[in-house]
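Read off the chains here:
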Amino acid sequence: MDHINTKKIKIDPLNISDELINIAAKFLLSGEIVAFPTETVYGLGAIATDSSAIKKIFKIKNRPLDNPLICHFHSIDHISKYVQQIPDELYELNEKLWPGPLTVILFKKNNISPLVTKDLPTIAVRIPSNPIILALIKKINLPLAAPSANLSGLPSPTKAEHVISDFKNNLPLVIDGGDSKYGMESTVIDLTTTPPKILRPGAIPFENIKKILPNISTDKDNHGRILSPGMKYKHYSPKTKIIVIKESYIKNVQEIEDLVQKIKGKKIILCTNKDHKHSLNTIQLGSNLKNIQTNLYSSFRELDNLNLEFGIFEEVIDEKEGSAIMDRVKKASFQIL
Ligand code: TXA
Ligand code: MG
């Protein structure tokens, strides 16, 4: 890999510098890839119509070529130029959940790079709410294709330093916009099927989407069939082995510590219950599901930095933000106790 020497710029999301957005836009318009914050996780983007730039994303991430990318837009009008049709349901989703961490699968037109969607007839679209990325898309007025800005297989980045630690100095430009608000990827839903389906649980809980689309089906109705191409790969794993303690939310501290004591090796508890006062080494993930979600990936990276053998995760309840949390934790896990 060529050694580039990454340019880093810091943008305040509450006071966006037009000058710095112009710098990032120039990189993209000249065919470079740029890492930027979104409200979910950091993304690594290229202009979706530029095949040679898209190729760079797959190469640097070491991403399997059959795993399509999400395209980011600034408005529903912007999306409408790249899809066959805007289904009625999308207007309501747009009103209630966009800009925000929702990705929708629609039938595509053929005016973006074929590398973005592979041989699928569909495209994944999202309008992000992070003001930095939104300003950048408005500036270029083109769709921005972007996967999460991590090496394939590692946890998604929720801070600019995670991106830099994965790619060292090999990215042309990294925009530091502070910590990701959700710390979890967008929820992906498919509107090309009847009824619509959830393909990937994510930052917006299923329950919130069900209020808008009452007939939506979950992957649980799906008999384990893989719906989203990306869901078949092992994901999100730190090098430290994750062990899940089942139903920790109904166990007491002593029961949990007895289980943890039996695990031999350097270990830490990833505590998800604010009432658990552990006597063993602990990282407190937060006092509610939203905070736990925000801190999950950065705690995975912390385990690796601490050079631990085991991170012992207290299972959270499988509802609201807990569904996406448990989806990711189970995918990352080595063992469930
Ligand atoms: O929050 C997010 O979604 C972040 C930020 C950067 O927007 N992006 C992200 O991208 O998580 P990535 O590449 O890590 O995950 C994209 C997911 C994959 O599971 C992929 O298979 C799925 O979206 N996907 C993309 N296009 C699709 C399509 N046409 N049909 C079904 N699934 C698709
Ligand atoms: Mg990813």
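Please refer to the structure placed before this passage.
Residues numbered from 1 in each chain as written. Chains lettered and ligands numbered in written order. Predicted model: local features only at pLDDT ≥ 70, side-chain atom pairs only at ≥ 80, totals over all residues. Heavy atoms only, no water.

### What about the sheet that holds strand β12 (residues 267-271)?
To be explicit about the condition: Criterion used throughout: strands pair if DSSP finds at least two bridges between them. Counting from the N terminus, the helices are DSSP H or I runs at least four residues long and the strands are E runs at least two residues long. Every axis corresponds to a line fitted to the C-alpha atoms, with the helix fit spanning only the stretch in contact, and the corresponding angles, defined between N-to-C directions, vary from 0 to 180 degrees.
The 5 strands are arranged β13-β12-β14-β11-β15 in an open sheet whose pairing can be described as parallel. Of all strands in the sheet, those bounded by a partner on one side alone are β13 (282-284) and β15 (333-336). For this sheet, the mean angle separating the axes of adjacent strands, direction not counted, is 25 degrees. Sheet topology places β12 next to strand β14 (residues 310-314); 4 bridges connect them, and they run parallel.

### Comments concerning the pairing of strand β6 (residues 122-126)
Under the convention used in this document: To sort residues, take the accessible area from a 1.4 Å probe on protein chains only and compare it with the maximum for the residue type: under 20% means buried, over 50% means exposed, and anything in between is partly exposed.
Across the 5 residues of β6, 5 count as buried, placing the element largely inside the fold. In this sheet, β6 lies alongside strand β4 (residues 70-72) in parallel orientation, the contact comprising 3 bridges. Along β6, the bridge assignment pairs isoleucine 70 with alanine 124. Where strand β5 (residues 102-107) meets β6, 4 bridges bridge the pair, whose relative direction is antiparallel. If you follow isoleucine 105 over to β6, its bridge partner there is alanine 124.

### Some words on the pattern of salt bridges
Under the convention used in this document: Put simply, a salt bridge is a Lys or Arg side-chain nitrogen that is within 4 Å of an Asp or Glu carboxyl oxygen.
Enumeration according to the criterion identifies 11 salt bridges in this entry. The residue lysine 331 makes a salt bridge to aspartate 327 at a minimum N-O spacing of 2.9 Å. Note that lysine 331 and aspartate 327 are positioned in helix α11 (residues 321-332) at a spacing of 4 residues, about one turn of the helix. Classification of aspartate 327 by relative accessible area gives buried; the value is 15%. Within the structure, one salt-bridge network assembled from shared partners comprises Glu185, Asp327, Arg328 and Lys331.

### Digging into the packing of aromatic side chains
Put simply, the rule reads: Each pair of aromatic rings taken from Phe, Tyr and Trp, with Trp reduced to its six-membered ring, is defined by centres within 6.5 Å and is described as stacked if the planes are under 30 degrees apart, edge-to-face if over 60, and tilted in the remaining cases.
Inspection of the entire model under this criterion finds 3 aromatic pairs. Ring plane angle 50 degrees and centroid distance 5.7 Å describe the contact between phenylalanine 73 and tyrosine 82, whose orientation is recorded as tilted. On the accessibility criterion, phenylalanine 73 (0% relative accessible area) is buried. Between the aromatic rings of phenylalanine 310 and phenylalanine 334, the centroid separation amounts to 6.3 Å while the plane-to-plane angle is 45 degrees, which identifies the pairing as tilted.

### A closer look at a nonpolar patch on the surface
The line we're drawing: Like-charged residues are merged into a patch within 9 Å and nonpolar side chains (Val, Leu, Ile, Met, Phe, Trp, Tyr) within 5 Å, provided each residue has over 30% relative accessible area and no salt bridge. Only the protein chains shown count as covering a residue, and every accessible area follows the Shrake-Rupley method with a 1.4 Å probe.
Taken together, the side chains of Tyr249, Ile250 and Ile317 define a hydrophobic patch exposed on the protein surface, amounting to about 280 Å² of accessible area. Here isoleucine 250 shows up in the loop between β11 (241-245) and α9 (253-261). By relative accessible area, isoleucine 250 is classed as exposed at 62%.

### Quick notes on the pairing of strand β10 (residues 197-200)
Relative to β10, strand β9 (residues 187-190) runs antiparallel, the two being bridged by 3 bridges. Bridge pairing links aspartate 190 to lysine 197 in β10. Linking β9 to β10, which pair antiparallel, is a turn of 6 residues.

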